[in-house]
Amino acid sequence: MAKGIKVGSEVRVLRGKFSTQKGVVQASEGVGRARKWIVKLNGGVLERFSARTLELEQRHLITPPSTSIRAVSQEEEDSCSSNTSSDESSTSDNDEMREVDEDGASRRASDVSERRTNWDNRDTAAESNGDDDRVVLDGVEWRKMGDVTVELNGPAYQRKAALYHPLHERSTELDFWKMMMPADLMRNIIETTNLHTEMAQKPLDYEHLQHFFGILLAMTLASGGEQRDMWKTESNGPFPAPALGRYMACHDFERILRNLKLCVYTDEELADDPWLPIRSAVDSFNRNRRGGISPGVTLCADESMGSWRGLAAKVDDAVVGLPHVTKIARKPEGVETEYRTLSCGETKIMLQLEIQEGKVPMQGKEYAKDYGSGTSSLLRLTRYWSGSDRTVVADSAFASLKTAEALHKHRGLRFIGLVKTAHKRFPKAWLQKYPYTNRGDHCVLQANIDGRQYMAVGWNDKKLKMFISSTSRTTEALCPAYKKRFRQSTPEDRTSAPCVVFYKEVKRPAVVEAYFDNANAIDVHNHLRQGGLELERHWKTQTWWHRNFATIFGMCESDAYLAFRYFHPLAPILSHREFTERLSLQLLTYKSSFHDTGPSARLRKHMPVAPTEQPLQTVVAKIMSSHTLKTNMRECPVFQYKRQRLEQDEEGTSHNGRVPSVQRKCSVCCERKTAYYCDECTQLHEEIVPICNPGSTKPGFTSCLAFHIDQVAIAL
C-alpha cells in the first residue's frame, strides 16, 4: 500500500483492468481502511481506487482541485492545461529573475486565481446537477455512506422459536405429527367422508384415518410398483413384502380413497368459489400454525409448488379440473399449483399458505390494488405477526422498496430482500456502475423516508447482487460465503485422487449474511417434501383437490420432522426417511383410547372427554359459557388441599414454612406464570389448570384461553 498519497499526487495503478495506467489524484472519500481515492487517468476517465492498488509517482504535481469531482468539459481542460504549462515555464527562471520580474509574478498570480475560479464555477454547476455520491429517484434521496456499524433502525426483535405444545423426553414422532396435522381438518375429513353412502356400513373414524395416513406414508417408502403391490404377502426380489393387510384391508383403503372429501359444499357455492374443495384445508393449516408455534426472529417468504398433470380448463364457464395452473419452466414440475408461503427462518417450519388463484381473482385480494401482487401477498401472509418487530426475508418475487415501506407501515416488521426487477425508486443503475475492485466488495447507499432508514447494498459476488434492507449492519460478517470448488489434481496423483474439493471464501457484509442464512428455509422444506417424501408421485389420482391435499399432507409431515429435530429435548439423529419409517409404523399401529381423542399430547393430561356428535359451533358455545377463568387461586379447593399437605407431614410438623405458589406456568404456552386458572377443568381433573389472562396477549397472537377452549372443543 502506497503511503503519502494526497490530492494532486501522480499515481500508477498496480492491478485491475486499469493496471499500469497513470493518473492524478483528484479527491478522496471515506476514512480509514474504507478510504477511496478518485483518480483521473490519462485518458480522462475518473475511477475510484483503494490505496493498496496505487503506487505513488510524484507528489503535488498540480494545484489541488475541489473535493467534488465531476465531469469536466474539453474547453476547461484545455484552458487549465495551457495555464499549467505557462506556470511551469515561468517557474523555470532563477530566483533573481523572479525578484526582478514583478510583472511575471502578478501574471502567475492571476493565472492561479483564474484556475481556481474555473474549479469553483464547475463545482457550483455540478451541485445543481447532483454529485456522484447522491442520487434522487422520484423524490427519494439516496446518499453514499460508509459501513453501517450499528443495527439500522435500532435493535431488532430477539426471541427463540417455541411450540405452544408441552413436550417431554418421551415425546414420539406421532406426538409431533399430531401437533402439525390440523385437528379440525381431520375432523372435517371424517364427517364429510362418512356422508357418502358407500361409507354407511363401515364409517371412517379417527383410528382408521390414522391407519389411512400411515399407508400413504408407507407408499412413499416403497421402491416402486403398483398401489396394490403394498398388500402382497410374498416377497418378489430381495426386499420383504409390505403386507399392509395386517393394518387395513386393501378394499377399505380404496374405499376411503374414492370417497375422501375435505368439506361440504353446494353447486352454487362451488360456482362462486372454484377453490372451495381445498380452501378449508388451507385455512385449517394456517390456523394450526398460528396457534401452535411461535416463530423465531426471522420470517422467510417464497413459493411452493404442487405438481398437477390432469385437466385444468373451463368449459361453458364451468371449471373442469384444477381451476388454475401456474406454468414455470425452471421448476422441477413445470405445470403446478403455486402457493405463496411463509416459514420460520430458524426452524424452517411452514407457517402460512396462500393459493395463487389466477390473475383476476388475486387482483381482488386485500392490498392488491394499492401495492400489487408481491407486496400484497406478503402483507396477507404476515398479518398474524403484526407489531412483533420480526425481520422478513424474501427473494426478488417480493423484494422492493415499496415492500419494505408497506411492511413497516401496516405490520411493524423489518425487511431484507434481493432486488432484481422491482427497482422503482431503488438506485440499481448507480450500484451497477459503482467501480468494485475485488470480489466481495460492497457499496452502501442510505435513504430516510418518513423518519425510517433504508439502505441499498450492492455486493460484488461473481455477479452483482443488490439488496434493500431496513435492518442489520454492513460491517464484514463473521462468517464469509463459502464457494465449493473442484481443483484438478496433478498427473501423478490422478490415479489416487482425481480431483480435490476446496472452499473459496468470499467476504460479505452482515446484511448479506442475514439474508442468505434464512432465505433458503422454504427451499429446504420443499426439498424434503418433493425430493424426499414425494407423496404427490406415489399417490396417483385424477381428482385435483386430492393432489392439493397431498401437497398439504406432505407439508405437515415435513413440519413434523423439522419440529422433531429442532424441539425434541433428546431427539435422536434421524434422517428424513428414518423419521418417515417410524411415523408410518406408529400410525399403522395406532389405537384409539379414552384418554387420546385429539391431536395434541396435552389432551391426554387435561381433557379426557368422551367424543360426541354435536356440531363444533355448539360445543364451543357451551365451553365458553362454562370454562371461565378465576383469579383468586387461594380459594381453589385443590390449592387449599395441596397447601395443607405441604404445611404438615405425617407427624404434624411444619415443612419449613413452605406454601404452594399462587402463580403457576400456563398449561397452554408453558412460558408465562399466571394466577388465573380454568375452574371447570380444575374441578374435573382435580388438578390446577392455569391459563394466561387474555388481556396479556400480544396483538396478533391467539390468547391462551381461546386456544384452550378450541382444544377442548376438538376433543369433544
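This structure is a prediction, so every number in the text was calculated from the model and none was measured.

Explain the nonpolar core to me, using residue names and the numbers behind them.
Within the largest apolar cluster, 111 residues are counted, with the highest numbers of intra-cluster contacts made by W142, F212, F213 and F549. If one sorts the elements of this core by residue count, helix α18 (residues 544-567) sits on top with 13 residues. If sequence neighbours within four positions are ignored, F213 has contacts with W177, M181, M186, I189, F549, F553 and L587. One finds V393, L418, V457 and V511 within the second-largest nonpolar core, a separate group that totals 16 residues.

Can you explain the packing of helix α4 (residues 173-180) against α18? Please cite residues and give values.
Where α4 meets α18, the axes come as close as 8 Å, and the angle between the chain directions of the two elements is 125°. In terms of axis orientation, α4 runs oblique to α18. Considering how the two elements wind past one another, α4 and α18 form a crossing that is right-handed. Across the interface between the two elements, E173, F176, W177 and M180 of α4 pack against F553, C556, E557, D559, A560, A563, F564 and F567 of α18. Tallied by class, the residues present in the contact of α4 with α18 amount to nine nonpolar, no polar and three charged.

So what's going on with the environment of G30? Residues and values would help.
Of note, G30 is situated in the loop between β2 (22-29) and β3 (36-41). Between the alpha carbons of G30 and G146 there is a distance of 6.6 Å; along the sequence they are 116 residues apart.

Which residues make up the packing of aromatic side chains, and what are the values?
For any pair of aromatic rings, the description consists of the separation of the ring centres together with the inter-plane angle of the planes. A complete count under the given rule lists 25 aromatic pairs for this structure. Arranged with centres 5.5 Å apart and planes meeting at 25°, the rings of W430 and Y434 form a pair that is stacked. Classification of W430 by relative accessible area gives buried; the value is 16%. Through a chain of ring-to-ring contacts, three or more aromatic side chains come together here, namely W177, F212, F213, W231, F253, W539, F549 and F553. Note that R290 overlies the ring of Y384, its terminal NZ or CZ placed 4.6 Å from the centroid.

So, helix α7 (residues 250-259): which residues are in play, and what are the values?
Most of α7 sits out of view: eight of its 10 residues are buried. Of the positions making up α7, those classed as buried are C250, D252, F253, E254, R255, I256, L257 and N259.

Any chance you could break down unusual backbone geometry for me, citing the residues and the numbers?
In the Ramachandran plot, A243 falls in the positive-phi region, its phi being about 50° despite a non-glycine side chain. In this structure, A243 sits in the loop between α6 (206-221) and α7. A relative accessible area of 15% places A243 in the buried class.

Can you break down the pattern of salt bridges residue by residue, with the values?
A full pass over the atoms with the stated rule returns 32 salt bridges. Across the salt bridge formed by D252 and R255, the nearest N and O atoms sit 3.2 Å from each other. Residue D252 and its partner R255 are both found in helix α7; the two are separated by three residues, about one turn of the helix. With respect to burial, D252 and R255 carry one shared label: buried.

How would you explain the packing of α6 against α18 if you had to name every residue and give the values?
One way to put it is that α6 packs onto α18 with a least axis distance of 12 Å and a crossing angle of 85°. Relative to α18, the element α6 is oriented roughly perpendicular. Of the residues in α18, those in contact with F213, L216 and L217 of α6 are F549, F553 and E557. For the contact of α6 with α18, the class distribution of residues is five nonpolar, no polar and one charged.

I'd like a description of a positive patch on the surface, backed by residues and values.
On the surface, R330, K420, K462, K463 and K504 cluster together into a patch of positive charge. You can see R330 is positioned in the loop between β13 (326-327) and β14 (335-344).

Got a sec to walk through the pairing of strand β7 (residues 140-145)? Specific residues and values, please.
Two elements, strand β6 (residues 134-137) and β7, share four bridges in a ladder whose sense is antiparallel. Across the sheet, the residue bridging to R134 is R143, located in β7. In this antiparallel pair of consecutive strands, β6 and β7, the connection spans two residues, and D138 shows a positive phi of 50°. Note that β7 and strand β18 (residues 442-449) share three bridges and pair antiparallel. Residue pairing for β18: K144 is matched across the bridge by L445.

Quick notes on the rules
Residues numbered from 1 in each chain as written. Predicted model: local features only at pLDDT ≥ 70, side-chain atom pairs only at ≥ 80, totals over all residues. Heavy atoms only, no water. Core = buried A, V, L, I, M, F, W, Y, C linked by side-chain atoms within 4.5 Å. Buried < 20%, exposed > 50% of the residue type's maximum accessible area, 1.4 Å probe, protein only. Helix = DSSP H or I, 4+ residues; strand = E, 2+ residues; numbered from the N terminus. Contact = heavy atoms within 4.5 Å. Axes fitted to C-alpha atoms, helices over the stretch in contact; angles between N-to-C directions. Parallel < 35°, antiparallel > 145°, perpendicular 65-115°, else oblique. Left-handed = near helix turned anticlockwise from the far one by under 90°. Nonpolar A, V, L, I, M, F, W, Y, C, P; charged D, E, K, R; others polar. Phe/Tyr/Trp six-rings, centres within 6.5 Å; stacked < 30°, edge-to-face > 60°. Lys NZ or Arg CZ within 6 Å of the ring centre and 35° of its normal. Salt bridge = Lys/Arg side-chain N within 4 Å of Asp/Glu carboxyl O. Patch = residues over 30% accessible without salt bridge, like charges linked within 9 Å, V, L, I, M, F, W, Y side chains within 5 Å. Areas by Shrake-Rupley, 256 points an atom, 1.4 Å probe, with all protein chains shown as cover. Lys, Arg positive; Asp, Glu negative; His and termini not counted. Charge placed at Lys NZ, Arg CZ, Asp CG, Glu CD. Pairing = 2+ DSSP bridges.

Just geometry here; none of it tells us what the structure is for.
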